[in-house]
Amino acid sequence: MAVKTYDVIVVGSGASGGWVAKELTEKGVEVLMLEAGPPRVPTRDFTEHIWPYQLKYRGFGNQKKLLTDQPVQRLCYACDDYSQQFFVNDSEHPYTFPADKPFMWIRGRQVGGKTFCWARVSYRYSDFEFKAASRDGYGQDWPISYKEMEPYYDRVESYIGVSGSYEGLPQLPDSKFLPPMRLSCGEMVAKEIVEKKFGWKLIVDRSANLTVPLNGRPACHYCDQCQRGCFTASYFNSPSVTLPAAARTGRFHLVSDAVVSHLLMNHEGKTDGVAYLDRSTHAAREARGKIVVLAASALESTRILLNSRSRNFPNGVGNAHGVLGHYLMDHTTLEEGGGKMPALQASVREPVGRPCGYIIPKYVNTVGPHKNKNFLRGYYFAGDGRQELYGHAFSTPGFGREFREKVRSQIPYSFSVYAQGECLPRYDNYVALDPEKKDAWGIPALHIHASYGENELAMQKAMQAHLGEIMDALKLEDRRPPRDELNIFGKNIHECGTARMGNDPKTSVVNAFNQVHDVKNVFVTDGASFVTQGCWEPTLTIMAISVRAADYIADEFRKGSL
Amino acid sequence: MQTRRQWLLQVGGGTVLAGWTGVDLGAAELPPGVYEPSRDHLGHALAGNPVSPGGDTELVQIRTGTFQPAFFQPNQYRVLRQLTGIILGESADAAIVREIAEWIDLTVFDAAAVRAAARAFSPPHRTLAIHFYAAESVRKLEEFDVQKVVREGLAWLDAQAPGQGGFNGLSTQQQLGLVHRIADSKTDDPGTRFFAYLKERVIDGFYTSRAGLDELGYRGNAFYASPPGCEHLYG
């Protein structure tokens, strides 16, 4: 029987793959999407609007199951009693790291990938990121500029919907915004103080939640449970936004439960498609395509390239110069700072449900007087101000009705603040195939070798000092100092790099259109292709470069040049 | 079982979704896992029928017949209910006390397996936990023996009761007097350790209950037509 050859195979159905599929199918290209995980069924798998008392473990989770099956995933704040189904089983998905270099790899394998549980924060990068090397001499520029990216950001935002306020900041360009959400009382207080004392803006976060209806999707109803799935599709996830658009074209074919292991290479040095395993039966299968787009998440796309070893590509596809796997980044954060705002203690509850916090954008080493020569690049601050729900009950003495009355009527107001900074791309931070460990499907596991360098540690000191100054200025009480250690590498789930883009095939893996230098019909469109990531969340930029790459693929495909 | 109209009216979703009529899918049938916004899905969640079978979500099971504790002996379970009642200022027979005591029994029963799972961590998983929570928290997870704290606490309470029947044989006033001794106490003995643990669980149990959330006046998990934010400071 003749095997069907698709125009394009897209591996991965998340933020990047969804956009590539939408753009290509709308331009007349036939797409086969392979997704390693299962489909999620809203009525079965979404837990939006469930109350804790409806759950067997009241929201605290089946700890013995979590500790056994998801000892890594459970460390993610969103992997809980309501949402653990959106995260992988760690025993099926092993990876290794040196004992002194812990790495947290949080993974969501399903139709939609991690877009079910992402935090929806959406920032544009600027030339402070794209052209960072030209500014301070470290590393490499992206081969694209903000000006080139701008129309793609516009397209993505106009379709997915990003709420936020126009601020005119050069270091954090404005998006095409839906109306912004609002600051809470504590954040309003903090805004005035921070703006006066530091000259920094404190604004409500920019979030891929609809504040007004858009493209047939109703506005957010502010239940603040996005990571449990969203029945009304009021935040961006690929299964309810980009994938339906692709499906409507009639040119979209989705195969879930297809765990891709490697690219199939032909004697011309091009790919013919991919080899994959059925997730349940482990049966080996193949899919044929004229072009393959890897959008499986940064580290998974790189793993597939590394595992595509053959006589012509002994170290994997895209690895002729030993760059593949290197320059891994994740943001550094200094977390848990905060305290109480006694002036806002109340006896009455405020409405809650805004699905984001505030941000004080990066100023250090960008604009304004805050320069620090001890490190390159910079960081931003974020957090939120809100009433305690019942955390104060644990420190309330007594018992009985009197105790309950105190808990009810003396509601403390908490304000949290943390810093998130840039991690420089270093050759020394890399992933490679583990020589022994394999996953449940027999695919070599990744060995991840990543740690923070001198720049991140110097930046940490500055973050710490600034967090202290902010908390002082706000006169927070019962103060919780920020942690004295940066977050575990990977914890931010902003892992990027390992197949970075560039003009020089000797120092990069893909070109400015996410096309592998060595193999013209293979593309990597996810965070693997990032050159730098600033201190900003990467997903919006992942989507924008995916659209840009898809435009290029469609053009080249039409010309027959691939 | 509510009708869809009832839940729309009840939760205010009607206001939020009123102007929205859904999407015309046209001819395309969506592949599994791809979905369009749907009121039907939402109605499903709100109709007291939160998830359809086959998923990973573990719901409270509707029980028929009397509750059989998994960890507590019948006389110990009476003590648990008395203490839970005292902490909440409710009768030991109140529905809310039963609801919380049943969950505490599950939690204490599971604690041994949870601790065993923590102790069975591979070295890399233990390393991650230590860097994530700090070493002290991980040690507590591995070493804090909930069942021992509960067993010793129950035995201590019985030992304080002079007559037959232990703690259960005391009058309400005597029980209350004993609780006053061990609540917020700075001395470290099996009674205070047990009470401190139990109070934390009762707090978690109560403030995740319908009654507890209502008492707090919690205004989340709701439907708002515009984003909640500061209303009184700067207008």
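How each quantity is defined
- Residues numbered from 1 in each chain as written.
- Chains lettered and ligands numbered in written order.
- Predicted model: local features only at pLDDT ≥ 70, side-chain atom pairs only at ≥ 80, totals over all residues.
- Helix = DSSP H or I, 4+ residues; strand = E, 2+ residues; numbered from the N terminus.
- Rg over C-alpha atoms; globule rule 2.2 N^0.38 Å.
- Buried ≥ 20, exposed ≤ 12 C-beta atoms within 10 Å, placed from the backbone.
- Contact = placed C-beta atoms within 7 Å.
- Axes fitted to C-alpha atoms, helices over the stretch in contact; angles between N-to-C directions.
- Parallel < 35°, antiparallel > 145°, perpendicular 65-115°, else oblique.
- Nonpolar A, V, L, I, M, F, W, Y, C, P; charged D, E, K, R; others polar.
- Pairing = 2+ DSSP bridges.
- Core = buried A, V, L, I, M, F, W, Y, C linked by C-beta atoms within 7 Å.
- pLDDT = per-residue confidence, 0-100.
- Expected span 1.5 Å × (residues − 1).
- Arc of directions from axis to C-beta.

**Here's the deal with the overall build of chain A**
- Broken down by element type, chain A carries 12 helices and 18 strands.
- Against the compact-globule benchmark of 24 Å for 562 residues, chain A has a radius of gyration of 23 Å, which places it among compact chains.
- Referenced to the eigenvectors of the C-alpha coordinate spread, the extents of chain A come out at roughly 75 × 55 × 50 Å.
- Considering chain A as a whole, with its 562 residues, one finds that 61% of them fall into the buried category.
- Here the contacts in chain A between residues at least 6 apart in sequence split such that 72% fall between residues at least 24 apart.

**Let's talk about the overall build of chain B**
- When its secondary structure is counted, chain B shows 11 helices and 0 strands.
- For chain B, the succession of helices and strands along the chain, N to C, is α-α-α-α-α-α-α-α-α-α-α.
- In chain B, which comprises 235 residues, the share counted as buried stands at 33%.
- For chain B, restricting intrachain contacts to residue pairs at least 6 apart in sequence, the fraction spanning at least 24 positions comes to 60%.

**Quick notes on the packing of helix α4 (residues 74-88) of chain B against helix α9 (residues 172-182) of chain B**
Residues and elements named next belong to chain B.
- Where α4 contacts α9, the axes come no closer than 11 Å and their chain directions differ by 70 degrees. In terms of their interaxial angle, α4 and α9 are classed as roughly perpendicular. Contacts between α4 and α9 pair Gln82, Leu83 and Ile86 from the former with Gln175, Leu176 and Val179 from the latter.
- Along the lines of polarity and charge, the residues of the contact of α4 with α9 split into 4 nonpolar, 2 polar and no charged.

**Describing the pairing of strand β12 (residues 379-383) of chain A**
All names here are of chain A.
- The buried count for β12 comes to 4 of 5 residues, which makes it a mostly enclosed element.
- As paired strands, strand β11 (residues 358-360) and β12 are joined by 3 bridges and run antiparallel to one another. By the bridge assignment for β12, Ile359 is matched with Ala382.
- Bridging between β12 and strand β14 (residues 413-421) involves 4 bridges; their strand directions are antiparallel. The partner of Phe381 across the bridge, within β14, is Ala419.

**So, the packing of helix α6 (residues 123-133) of chain B against helix α7 (residues 135-143) of chain B**
Residues and elements named next belong to chain B.
- Viewed as axis vectors pointing N to C, α6 and α7 meet at an angle of 125 degrees, and their least axial separation amounts to 6 Å. Of the possible angle classes, the one that applies to α6 and α7 is oblique. Contact residues: α6 offers Arg126, Ala129, Ile130 and Tyr133, while α7 offers Ala135, Ser137 and Val138.
- Taken together, the residues of the contact of α6 with α7 break down into 5 nonpolar, 1 polar and 1 charged.

**Focus: the interface of chain B and chain A**
- At the interface, 75 residues of chain B touch 85 residues of chain A.
- Breaking the side of chain B that touches chain A down by element, the ones donating at least two residues are α2 (13-17), α3 (39-46), α4, α5 (95-119), α6, α10 (190-206) and α11 (210-216) of chain B.
- Residues of the side of chain B that touches chain A, tallied by class, amount to 44 nonpolar, 20 polar and 11 charged.

**Here's the deal with the nonpolar core**
- By size, the foremost hydrophobic cluster in this structure holds 176 residues, and its most contacted members are Val11 and Val31 of chain A.
- Looking at this core, the element that brings in the most residues is helix α12 (residues 539-559) of chain A, giving 10 residues.
- Every residue in contact with Val11 of chain A, bar those within four places of it in the chain, is listed here: Leu34, Val260, Val274, Val292, Val293, Leu294, Ala295, Ala296 and Ile304 of chain A.
- Among the nonpolar cores identified, the runner-up in size contains 35 residues, and Leu80, Phe195, Val202 and Phe206 of chain B belong to it.

**Observations concerning unusual backbone geometry**
Residues and elements named next belong to chain A.
- Backbone geometry at Arg120 places phi at a positive 70 degrees, although glycine is not the residue there.
- With respect to the helices and strands, the residue Arg120 is situated in the loop between α3 (63-69) and α4 (127-130).
- The exposure class of Arg120 is buried, given the 24 C-beta atoms found within 10 Å.
- The residue Lys475 is not glycine, and still its phi comes out positive at about 55 degrees.
- According to the C-beta neighbour criterion, Lys475 is partly exposed, with 13 such atoms within 10 Å.

**Looking at the environment of Asp141 of chain A**
Residues and elements named next belong to chain A.
- By secondary structure assignment, the location of Asp141 is in the loop between α5 (132-136) and α6 (146-160).
- Look at Asp141 and you get partly exposed, because 18 C-beta atoms sit within 10 Å.
- C-alpha separation for the pair Asp141 and Gly322, spaced 181 residues apart in sequence, amounts to 19 Å.
- Among all residues touching Asp141, those that are not within four sequence positions of it are Phe130, Lys131, Ala133 and Ser134.

**Observations regarding the pairing of strand β2 (residues 31-34) of chain A**
All names here are of chain A.
- The two faces of β2 match: Val31 and Met33 on one face and Leu32 and Leu34 on the other face are all buried.
- Note: strand β1 (residues 5-11) against β2, 4 bridges, orientation parallel. Residue pairing in the sheet places Val11 in a bridge with Leu34 of β2.
- With 4 bridges joining them, β2 and strand β6 (residues 252-255) adopt parallel strand pairing. Note that in β6 the partner of Val31 across the bridge is Phe252.

**Notes on the confidence of the model for chain B**
All names here are of chain B.
- Confidence in the prediction of chain B, expressed as mean pLDDT, is 86, and 82% of residues score 70 or more.
- Within the model, the stretch residues 1-16 combines pLDDT values under 50 with 22 contacts to residues more than four positions away or in other chains.
- Predicted confidence is poor over residues 18-27, with pLDDT under 50, and the contacts of this stretch with residues over four places away or in other chains come to 7 contacts.

**Examining α6 of chain B**
Residue and element names in this part refer to chain B.
- Among all positions in α6, only Thr127, Leu128, Ala129 and His131 are buried.
- The elements touched by buried residues of α6 are α7.
- Within two residues after α6, Ala134 carries a phi angle of roughly 85 degrees, on the positive side.

**A look at helix α8 (residues 146-160) of chain B**
All names here are of chain B.
- Under the 1.5 Å per step criterion, the end-to-end length of α8 is 21 Å for 15 residues, consistent within 8% with the ideal 21 Å.
- The complete set of buried residues in α8 reads Val150, Gly153, Leu154 and Leu157. All buried residues of α8 lie within an arc of 100 degrees about the axis, which places them on one face of the element.
- Tucked inside the fold, the buried residues of α8 contact α4, α5, α9 and α10.

**A closer look at the environment of Ala99 of chain A**
- Structurally, Ala99 of chain A is set in the loop between α3 and α4.
- Taking the C-alpha atoms as reference points, Ala99 of chain A and Thr211 of chain A, 112 residues apart in sequence, are found 45 Å from one another.

**Some remarks on the environment of Arg206 of chain A**
Residues and elements named next belong to chain A.
- By secondary structure assignment, the location of Arg206 is in the loop between β5 (203-204) and α8 (242-248).
- Put simply, Arg206 and Gly139 are 67 residues apart on the chain and 29 Å apart in space, counted from C-alpha to C-alpha.
- The residues contacting Arg206, other than those within four sequence positions of it, are Val121, Ser122, Tyr123, Val162, Ser163, Gly164 and Ser175.

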